[in-house]
Amino acid sequence: HEFQRISDVPDAMHAIHRLQQRSNFRVYKPSGWYLSKLSPDSYDDGPFSIQLVKAGTRRGWRWIACEVNWLDPLPDPDRSSSDYDAYVKKIQHIERSTIYKGFYQPPTEEQYRRLSEEGALRWWLN
């Protein structure tokens, strides 16, 4: 699916999550979810692909290399240790692939350029 604005994505993800909670609606293996290159929010080399995330029983989504926007609450470590352990294991992997720390949506083009100039993205772009 192609989104026209970054701001369109959170509502779509919440709606999909509600559908999934009510039925067997399966979307956690999407392909081709991204921001349109014609979007006014788009710029060259931006992180404009969307990744759905499942960590244990917790679900969320993120713009590739950005922080996860969680849709479910944190698993209770006391009630179901296997769910919590699965969550912790997956979240460690996700955190290692998060380049834009503190960004829950792609940085603006100005922020992206500043990060690039500061060398914060050097290892990612090479």
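Here the structure is shown first, and the text comes after it.
These lines cover the structure that appears in this document, whether it is placed above or below. (Residues numbered from 1 in each chain as written. Predicted model: local features only at pLDDT ≥ 70, side-chain atom pairs only at ≥ 80, totals over all residues. Heavy atoms only, no water.)

## Overview of the nonpolar core
Then, number 1: Counting residues in hydrophobic clusters, the biggest one holds 21 residues, and the most contacted among them are Val9, Met13, Trp33, Ile50, Trp61, Trp63 and Tyr100.
Then, number 2: Mapped onto this core, the elements with two or more residues apiece are α1 (9-22), β3 (50-55), β4 (58-63) and α3 (109-117).
Then, number 3: Ranked by residue count, the leading element in this core is α1, at three residues.
Then, number 4: Among the nonpolar cores identified, the runner-up in size contains six residues, and Val53, Val68, Tyr87 and Ile91 belong to it. (Core = buried A, V, L, I, M, F, W, Y, C linked by side-chain atoms within 4.5 Å. Buried < 20%, exposed > 50% of the residue type's maximum accessible area, 1.4 Å probe, protein only. Helix = DSSP H or I, 4+ residues; strand = E, 2+ residues; numbered from the N terminus.)

## Considering α1
Then, number 1: Here α1 spans 20 Å end to end across 14 residues, near enough to the 20 Å set by a 1.5 Å rise per residue.
Then, number 2: Along α1, the residues that are buried comprise Val9, Met13, Ile16, His17 and Gln20. All buried residues of α1 project into a common sector of 100° when viewed along the axis, lining one side. Across from the buried face of α1, at angles greater than 90 degrees, the exposed residues are Asp11, Gln21 and Arg22. (Expected span 1.5 Å × (residues − 1). Arc of directions from axis to C-beta.)

## Quick notes on the pairing of β4
Then, number 1: For β4, the buried fraction is high: six of the six residues fall into the buried class.
Then, number 2: The alternating pattern of β4 places Arg58, Gly60 and Arg62 and Arg59, Trp61 and Trp63 on opposite faces, both of which are buried.
Then, number 3: Relative to β4, β3 runs antiparallel, the two being bridged by six bridges. Within β4, the residue paired with glutamine 51 across the bridge is arginine 62.
Then, number 4: Pairing of β4 with strand β5 (residues 69-70) involves two bridges; the strand directions are antiparallel. Within β5, the residue paired with glycine 60 across the bridge is tryptophan 70.
Then, number 5: Between β4 and β5, which pair antiparallel and follow one another directly, the connecting turn spans five residues, one of which, alanine 65, has a positive phi of 75°. (Pairing = 2+ DSSP bridges.)

So yeah, pure geometry; function would need other evidence.
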